[in-house]
Amino acid sequence: MSKTTRTDPQPPAQHAADSHDLIRVHGARENNLKDVSIEIPKRRLTVFTGVSGSGKSSLVFDTIAAESQRLINETYSAFVQGFMPTLARPEVDVLDGLTTAIIVDQQRMGSDPRSTVGTATDANAMLRILFSRLGRPGIGSPKAFSFNVASISGAGAVTVERAGQKVKERRSFSITGGMCPRCEGRGSVTDLDPAQLYDDSKSLNEGALTIPGYKSGGWNYRLYTESGLVDPDKPIRKYTKKELHNFLHLEPTRMKIAGINMTYEGLIPRIQKSMLSKDREAMQPHIREFVDRAVTFTTCPDCDGTRLTEAARSSKIKKISIADACAMQISDLADWVRGLDEPSVAPLLTALHHTLDSFVEIGLGYLSLDRPSGTLSGGEAQRVKMIRHLGSSLTDTTYVFDEPTIGLHPHDIQRMNDLLLRLRDKGNTVLVVEHKPETIAIADHVVDLGPGAGTAGGTVCFEGTVGGLRTAGTITGRHFDDRATLKETVRKPTGALEIRGATTHNLQGVDVDIPLGVLAVVTGVAGSGKSSLVHGSLVNGSGAAGEAVVSIDQGAIRGSRRSNPATYTGLLEPIRKAFAKANGVKPALFSANSEGACPTCNGAGVIYTDLAMMAGVATTCDDCEGKRFQAAVLDYHLGGRDISEVLAMSVAEAEEFFGAGEARMPAAHRILVRLADVGLGYLTLGQPLTTLSGGERQRLKLATHMTEKGGVYVLDEPTAGLHLADVEHLLGLLDRLVDSGKSVIVIEHHQAVMAHADWIIDLGPGAGHDGGRIVFEGTPADLVAARSTLTGEHLADYVGA
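Residues numbered from 1 in each chain as written. Predicted model: local features only at pLDDT ≥ 70, side-chain atom pairs only at ≥ 80, totals over all residues. Heavy atoms only, no water.

### Here we look at the packing of helix α11 (residues 330-338) against helix α12 (residues 346-361)
Interhelical geometry of α11 versus α12 gives an angle of 155 degrees and a closest axis separation of 9 Å. Comparing the axis directions of α11 and α12 gives the class roughly antiparallel. At the point where α11 passes α12, the crossing takes the left-handed sense. The segment α11 lies against α12, with Ile330, Ser331, Leu333, Ala334, Val337 and Arg338 engaging Leu349, Leu352, His353, Leu356, Asp357, Phe359 and Val360. (Axes fitted to C-alpha atoms, helices over the stretch in contact; angles between N-to-C directions. Helix = DSSP H or I, 4+ residues; strand = E, 2+ residues; numbered from the N terminus. Parallel < 35°, antiparallel > 145°, perpendicular 65-115°, else oblique. Left-handed = near helix turned anticlockwise from the far one by under 90°. Contact = heavy atoms within 4.5 Å.)

Below is the structure:
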C-alpha cells in the first residue's frame with residue numbers, strides 16, 4: 001500500500017469557485033433607495049433594520065430577492081413563463097453573487113372559505129392518502145376524503161371510430177368526492193332573514209323591498225313587479241305558496257318583462273349571487289351593513305361543520321375519522337400518527353410525522369388542520385410557510401424573512417432565533433428584516449438603513465457587527481438598549497366590561513372584567529387565546545355592554561395602485577371641494593379617477609405595456625408627465641399650488657399648508673394631524689397604497705379609525721413593523737387616546753407596551769388546549785413582583801427587576 005506524502009508546506013491557492021462569498025449590490029434605486037451599494041456575506045445571518053419606511057423591504061425584497069426570482073424564472077421556457085408571475089428587473093446597476101432566493105413573507109394566506117391550514121400545507125393531502133389506504137370501511141380514492149371534490153356521476157352516448165366506421169357506445173362515469181353537498185365544503189350555511197329583505201305587510205307596489213339598490217321603479221324592482229308571477233298589489237304575507245316560491249326561490253327563467261327579454265330569478269338566489277358571493281371587506285359600507293343584518297352564518301347541520309360527507313366521516317383508523325384527525329390540536333395529532341405502525345405506508349407516515357413535528361417545533365402545535373387559513377395572523381401565516389423549508393436538504397440558498405418575530409411572545413422568540421441559526425448553519429444565507437433587539441442580537445452582520453423614512457431614508461447608515469451598531473450613533477444604535485420602565489402610578493378604572501363564560505376556540509369558560517378608562521394590555525404566549533377573548537367575546541360578542549367598539553386589526557388594506565393615503569383617509573374629498581370652490585368648477589375635475597384624469601393614461605400617470613411572458617413595461621405618460629391630470633386641470637390653483645403639487649406633498653408639508661393662510665382647511669388639517677400623530681408625517685399624499693410597508697398600513701388604519709365615535713378602542717399588536725424609536729411615539733399616542741376619555745385594549749407581546757400598561761391580563765399558561773385560562777390579572781408592577789407566569793419572568797428581565 002503506497003501513501004502519498006506532501007512536501008509542499010504552502011497551503012493550496014484558493015479555488016476560483018470559492019471566491020464568490022459575497023452578494024454585491026451597487027447602485028440600488030428601487031422606491032426610495034438612493035444609489036445604495038453594499039456587500040452581504042454569504043452563509044451568514046444578516047439583519048436589515050431601520051425605521052419603518054427607511055427602505056429595508058425595497059433593498060431586501062424588491063431588489064435582491066426579486067432579481068433572484070426573475071433570473072430563476074428566465075431559466076424556464078417562454079411557454080412556462082407565460083403561466084408565471086412576471087417580474088421587472090429592479091432599478092439597480094450591479095447585482096452579483098446571487099443565489100436562489102426563497103421568500104417567506106407575511107402576506108396573509110387566501111381567505112377562501114375552503115382553504116385551511118391542512119390544505120395550505122401538505123398535511124391534508126397526506127392524511128387523505130392515509131385514510132384511503134387504511135380507513136375502514138374503505139370508501140374509495142383520496143378524493144373521497146377531500147371536501148374540495150364533489151361527488152358527480154353521468155352517463156351518455158359517445159361516438160368512437162373503429163375500422164373506419166363510427167360507432168355509438170354508452171359510457172358512464174362517477175367520481176366519489178368528500179364534499180358535503182349541503183354546505184359545498186364550507187362547513188357553514190348562510191340563511192337570509194326574510195324580515196330584513198322586505199316588509200311583508202306591504203305589497204311590492206307599496207315599496208315592500210328594503211334591500212340596498214332595490215328602489216321602487218328601478219330595474220331590480222321592476223323585475224318582480226312586472227314579471228306577472230306575483231300580484232304587485234297584494235301584501236307579501238297574503239301570497240299563496242306558489243307565489244311565495246316564485247318570488248323567493250324560482251330558478252333562473254328567461255321571460256319578457258316590460259317588453260325586454262330578461263332572466264327572472266327568485267329574490268334569495270339573486271341576492272346570494274350579487275351580494276353574498278363578494279368579499280365582505282370589499283363591499284360598500286351600506287351593503288356591508290345590510291349583509292351583516294340580513295345574513296346569519298350557522299354550522300352546517302348535515303356535516304356538523306366538518307365539511308365532509310357522511311361516508312368520509314364513517315371511514316376510521318383506530319376509531320379516528322379524518323374529520324376527527326383534522327379537528328385535533330396538531331401536537332396531539334402528531335402523537336396519534338406516531339402510534340400508527342403500518343409497514344405498507346411507512347414512507348407516508350414518515351413524511352406526515354415530519355410535517356406535523358415541524359408545526360410543533362415552530363410554535364404552531366396549538367393549531368388544528370381544519371383551521372381556516374384566512375383566520376391566521378400575519379406572523380402565523382409566515383410560520384406556516386416556513387414549515388416546508390425546515391427539513392429541506394437544500395444548501396447555499398438565500399432565505400428571506402420579513403419580521404419573523406411578529407406575533408411571538410418573548411418566550412417564543414428564542415425558538416425562532418434557533419430556527420434561523422439552524423438554517424444558516426446548514427450553509428444558507430439568511431436575510432432578515434427585523435426590529436426586535438433579541439433577533440438583531442444574533443446577527444453575524446447588520447445593515448442599518450435610514451436615517452429617516454420615505455425621502456429622508458434610503459441610505460445605508462451602518463454596516464457591520466452588532467457590537468459596532470451599539471456604538472454607531474444611528475437611530476437604531478441609540479435606541480438598541482432602550483427599556484421602558486414601569487409607571488410609578490397607574491390610572492384608576494372608570495368601569496369594566498364584563499366577559500362571562502367565554503368559550504371561543506380554546507377559551508375554557510373564561511370570566512374576566514376588562515377595566516374601562518385605562519390602557520389595558522392582553523398578553524400571553526402565541527395561541528393562548530388572546531384574540532379569541534378580545535375579538536370573539538368583546539368585538540363580535542355582547543361583552544361591550546352598550547359601548548361602541550372600534551377594532552383595528554392587522555387585516556390588509558384593500559386598494560389598487562390608484563389608491564393612496566389621500567383617498568383612503570377621505571382627505572381628498574375636502575381638498576377637491578376646496579379646489580372646486582376656489583376656482584368655480586366641479587369637484588370631479590380634481591380626481592384622477594374621474595373627469596380630471598389624463599385621457600392618455602386614464603389617470604394612472606404611467607402607461608403599461610403588456611409583454612406576455614416577459615415583465616410588462618411602465619413608462620411615464622408623455623402627455624401629463626406622470627402628474628395624472630389633464631393639463632387644463634393643472635391651471636386651477638389653491639394657495640398657489642395645483643392639485644398634482646398638493647398630492648406630491650408629504651403629510652408634514654400638507655399639515656402646514658392646510659393649517660393656515662389661503663389654503664386653511666380645518667377638515668383636511670384634522671386628518672393630517674392624525675396621520676402625523678401615528679408617525680406617518682413622511683408619507684406623500686399621493687403615494688400608492690401598494691408601496692406601503694406592513695407597519696405603515698396598520699398605522700394608516702389607526703389614523704383613519706381615530707375619528708370613529710367609539711368609547712372602546714381594540715388594537716391588535718400595534719407595534720408590528722415599528723422601529724424601536726417609534727415605540728415610544730406609539731405609547732404617547734395610546735396615552736393621548738386614554739386621556740381623551742377612551743378605553744384602550746391592546747393585544748400585545750412587546751414588553752415596552754406591557755410595562756406602560758395600567759392593567760395586564762395574561763392568558764396561558766401554554767398554547768392551544770394548554771392555554772385558554774387567565775393566569776394573571778393586575779398591574780405590571782404586581783406581575784413583575786410575582787414572576788408567576790412566563791410573561792412575568794420576561795417582563796421582569798426586561799425592566800431589570
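Still more to cover.
### Quick look at the environment of glutamate 717
Positionally, glutamate 717 belongs in the loop between β24 (712-716) and α25 (724-739). By relative accessible area, which is 10% here, glutamate 717 ends up buried. Between the C-alpha atoms of glutamate 717 and glutamine 698, which are 19 residues apart in sequence, the distance is 9.5 Å. One polar contact links the side chain of glutamate 717 to the main-chain amide nitrogen of glycine 407, over a distance of 3.0 Å. (Buried < 20%, exposed > 50% of the residue type's maximum accessible area, 1.4 Å probe, protein only. Polar contact = N/O pair within 3.5 Å; in protein donor to acceptor, adjacent residues only side chain to side chain.)

### Quick notes on the sheet that holds strand β3 (residues 45-49)
Sheet strands pair by backbone hydrogen bonding; their relative direction is either parallel or antiparallel. Spatially, β5-β14-β15-β3-β16-β17 is the arrangement adopted by the six strands of the open sheet, whose pairing is mixed. Across the chains shown, the open sheet's two edge strands, defined by having one partner strand only, are β5 (101-104) and β17 (459-464). Here the average twist between neighbouring strands, direction ignored, is 15 degrees. Each of β3, β5, β14 (398-402), β15 (429-433) and β16 (445-450) is contacted by helix α1 (residues 56-73), which is oriented at about 130 degrees to β5, the strand it contacts most. (Pairing = 2+ DSSP bridges.)

### A look at a nonpolar patch on the surface
A contiguous nonpolar patch, built from Tyr76, Phe79, Val80 and Phe83 and spanning about 470 Å² of accessible area, is present on the exposed surface. Its place among the elements puts tyrosine 76 in the loop between α1 and α2 (78-81). (Patch = residues over 30% accessible without salt bridge, like charges linked within 9 Å, V, L, I, M, F, W, Y side chains within 5 Å. Areas by Shrake-Rupley, 256 points an atom, 1.4 Å probe, with all protein chains shown as cover. Salt bridge = Lys/Arg side-chain N within 4 Å of Asp/Glu carboxyl O.)

### Brief notes about the pattern of salt bridges
One pass over the structure, following the stated rule, counts 34 salt bridges. Residue glutamate 226 pairs with arginine 222 through a salt bridge whose shortest N-O separation is 2.8 Å. For glutamate 226, a relative accessible area of 35% puts it in the partly exposed group. According to the relative accessible area criterion, arginine 222 is partly exposed, its value standing at 26%. Of the charged contacts in the structure, one is a salt bridge between lysine 273 and glutamate 265, with a shortest N-O distance of 2.7 Å. Residue lysine 273 is classed as exposed on the basis of its relative accessible area, which comes to 53%. Assessed through its relative accessible area of 10%, glutamate 265 is described here as buried. If you follow the salt bridges from partner to partner, you end up with Lys487, Arg491, Asp735, Asp739 and Asp758 in one network.

### Side note on the environment of threonine 355
Position of threonine 355 relative to the elements: it lies in helix α12. The exposure class of threonine 355 is buried, given its relative accessible area of 12%. Placed 233 residues apart in sequence, threonine 355 and aspartate 122 show a C-alpha to C-alpha distance of 7.8 Å. Every residue in contact with threonine 355, bar those within four places of it in the chain, is listed here: Ala123, Met126 and Ile387.

### What to know about the sheet that holds strand β27 (residues 773-778)
An order of β21-β24-β25-β20-β26-β27 is seen for the six strands of this open sheet, with the pairing classed as mixed. Only two strands of the sheet have a single neighbouring strand rather than two, namely β21 (549-552) and β27. Each strand of the sheet is rotated relative to its neighbour by a mean of 15 degrees, with strand direction disregarded. As judged from the five bridges shared by strand β20 (residues 519-524) and strand β26 (residues 759-764), these two strands associate in the parallel manner. Opposite alanine 520, over in β26, you have tryptophan 759 as the bridge partner. α25 rests against β20, β24 and β25 (743-747) of the sheet, and its axis sits at about 145 degrees to β25.

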